[in-house]
Amino acid sequence: MSGYPVYFAKRLAQFALVVFIGVNLAYFITHATPIDPVEQSIAAVTNFSGTAPDAIAQMRSSLRELYGLTGTPRQQYLSFWSRIVRADFGPSLSAFPTPVSTLVFRALPWTVGLLVTSTIATWILGNLLGGLAGYYQKNRALKAMGVIAMTLHPIPYYIVAFVLLIIFGFVWPVLPISGGSAMNLPQGWNWAFISSVLRHSILPAMSLILIGLGSWFLGMRSLVSNIVTEDHVRYAELAGVSSRRILVSYVMRNALAPQVTGLAMSLGGIFNGAIITERVFGYPGVGTLLIDAVYAGDYGLVLGVTTISILGVSLGVLIIDLIYPLIDPRVQAR
Amino acid sequence: MGKILADLLRFNIEFRIGALLVGLALIIAALSIFSPYSPIDVYTVPPDVPPSSAYWLGTTSRGQDVFWQLTFALRNTLLFGFAVAILSRIFSLVIGLVSGYKGGWVDRVLMAINDTFIIIPLFPLLVLCYFVLRDSMSWALLALIMASLGWAYDARLIRSVAMSLKTREYTRTGVFSGMSTREILMQEHLPHVMPIVFSTTMNNINWSIGLEVTLSVLGFTDINTPTIGGMIYWANQHTAMVAGVWWWIAFPIAAIVMTFVGLFLLAVSMNEYIDPRSRLNRMGGGAS
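Everything numeric here is computed off the predicted structure, so don't read it as measured data.

Definitions and cut-offs
- Residues numbered from 1 in each chain as written.
- Chains lettered and ligands numbered in written order.
- Predicted model: local features only at pLDDT ≥ 70, side-chain atom pairs only at ≥ 80, totals over all residues.
- Heavy atoms only, no water.
- Helix = DSSP H or I, 4+ residues; strand = E, 2+ residues; numbered from the N terminus.
- Buried < 20%, exposed > 50% of the residue type's maximum accessible area, 1.4 Å probe, protein only.
- Contact = heavy atoms within 4.5 Å.
- Areas by Shrake-Rupley, 256 points an atom, 1.4 Å probe, with all protein chains shown as cover.
- 1 Å grid on protein atoms, 1.4 Å probe; cavity = no way out; pocket = protein on both sides within 12 Å on 5 of 7 lines; lining within 4 Å.
- Points joined across faces, edges and corners; volume = space filled by probe spheres on them.
- Nonpolar A, V, L, I, M, F, W, Y, C, P; charged D, E, K, R; others polar.

### Quick notes on the overall build of chain A
Here's step 1: From N to C terminus, chain A includes 13 helices and 0 strands.
Here's step 2: Tracing chain A from N to C terminus, the helices and strands come up as α-α-α-α-α-α-α-α-α-α-α-α-α.
Here's step 3: Burial statistics for chain A: of 334 residues in total, 47% are counted as buried.
Here's step 4: Residue pairs at least 24 apart in sequence account for 74% of intrachain contacts in chain A once pairs closer than 6 positions are excluded.
Here's step 5: Only carbon and sulfur atoms are counted for the fraction: they give 67% of the accessible area of chain A, which is about 16300 Å².

### Some points on the overall build of chain B
Here's step 1: Counting its regular elements, chain B contains 13 helices and 0 strands.
Here's step 2: The helix and strand sequence of chain B, counted from the amino end, reads α-α-α-α-α-α-α-α-α-α-α-α-α.
Here's step 3: Taken over the C-alpha atoms alone, chain B extends approximately 70 × 50 × 35 Å along its principal axes.
Here's step 4: For chain B, the proportion of its 288 residues judged to be buried stands at 52%.
Here's step 5: Summing over all exposed atoms, chain B offers an accessible surface of approximately 12700 Å²; the carbon and sulfur share of this is 67%.

### Observations regarding empty space enclosed by the protein
All names here are of chain B.
Here's step 1: Counted according to the given criterion, the structure contains 5 cavities of 30 Å³ or more.
Here's step 2: Reported here for the largest cavity is a volume of approximately 80 Å³.
Here's step 3: Every residue along the wall of the largest cavity is listed here: F80, M137, S138, W139, L142, E212, S216, T221, D222, T225 and T227.
Here's step 4: Among the secondary structure elements, those contributing two or more residues to the lining of the largest cavity are α6 (139-149) and α9 (181-217).
Here's step 5: In terms of residue class, the lining of the largest cavity is made up of 4 nonpolar, 5 polar and 2 charged.

### Regarding the side chain of D107(B)
Here's step 1: Secondary-structure assignment places D107(B) in helix α4 (residues 104-119).
Here's step 2: Excluding anything up to four places from it in sequence, D107(B) contacts S99(B) and R159(B).

### Notes on the layout of surface pockets
Taking a probe equal in size to a water molecule and rolling it over the atoms shows the remaining empty space.
Residues and elements named next belong to chain A.
Here's step 1: Computed from the structure, the second largest pocket encloses a volume of approximately 560 Å³.
Here's step 2: The wall of the second largest pocket is formed by 22 residues, among which V112, L115, V116, G312 and G316 lie closest to the centre.
Here's step 3: Ranked by residue count, the leading element in the lining of the second largest pocket is helix α12 (residues 299-327), at 10 residues.

Spelled out as structure tokens, the structure:
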């Protein structure tokens, strides 16, 4: 037994484990609290509006079940899982009576769209420039890029997004700094709406790209500058293979495999960054949803966003892992 | 150790810049001892004064001196980073060393859990923690939670070193002379992974400070303890940018960016020092 099926099974098991541990962490966190979150949530909601008493009673029982505070610990644990399997997190408190799952699935396309495009753009751009910088080590412009990457890379997402917001919101206001599209446009597949979405996504995407670029650039540069010294590259040079061909098929190809693994590993971090970026730019994705839910004291929504983001990120990692053999054929041969 | 640091200072420009920036941050943090104001008092000085000779970095809309506030904020933020880094070092050392030395199913189980913690998006979990704890979320508790979530990546690095240490001669000598696993790991292997522990410490401090700043900017931490994120939080609450009180936001951001870049440069230059290939490159020898 070897090759792709084994690899596939292993990845699937890892995916199941991530989801299992993630959901358990969420369960543990919500049950380790010293205060009663149900009464707190209800107090937070009823402070602002006069809700009917029977509606409050219904909300309380639904929340109690959701928190898993009814029944024995074993029943609590099982009912928690059954709700998660059915993606049923009850009605949202802040947008009563819309179900939490509806809110999350409405926000998800925005986040996924922003995240997928900016991650792919960052990865390709960072690896390309890093590869060039590792191969042409004498080039001034690429050296300068290295310095910039090194300075930008350690700064957290929030600070970069916030500084971009200040620059393009106060100092030089040319781009829309908030929202996912213009307010007055109906959503649909027409050019006006799509171009508005694109314009609004420039700043969030730019902050994600600026921050992410550094690590791919630095990683690829050091990988390539190590591979360049290896015998097979020396041999290709001596055999008169053109330097562009050496760079693309002898050096970059070999350096890509660890970078794909790196992409899978860093997906969780990139997602964290996207949440914060969305919040800064008021982008209508799950990040904004999560943070607004915390402010509104909406328990079901916070739990829903948390578990769905754990699921989403581990699914993304699984997809990257499954296409990995296309880049590194050794996986199949082994 | 002292000689290595002196060498790094002399030959490595990245280390020199990093040490300078981190040193500056430490000096600012240390100045908090001399502050004439208590960090939590408000309206002790006239509000909204731009930077001047009396108030070096201006004052906030809450009547606090930005400079002295900054010294406290930087001190707390750095302390937080160190606390998380030291706690999570313990987790990652134990798991990395045991996993690398034991191998077999112990290694497989530990690494499966380890990879899970690398993949899981931690920010929503931290938000969930804040959400259920609210006011009981203290500085120390947050450090403990972050440390127990943020050890995984470094455990993997330590494991890779431990795996190669396992095959060395002296490990076998230790086993044959009757040392227990614990003794071998503590006395024989631990000193060899210390360099990599130091360089990952810098990155871990950066990681935890970054998350702390983000959480407290959103108001998801104990906002009454002054931190860099807390300063930006209060500035945002008073719409400092719109009101033109730019110094309230600009100086904390400048201070934290300085710290980040400094710590990162220290980590990079130490990594380069640990990696023998790049050391050879620097000396002008090596394979190329």
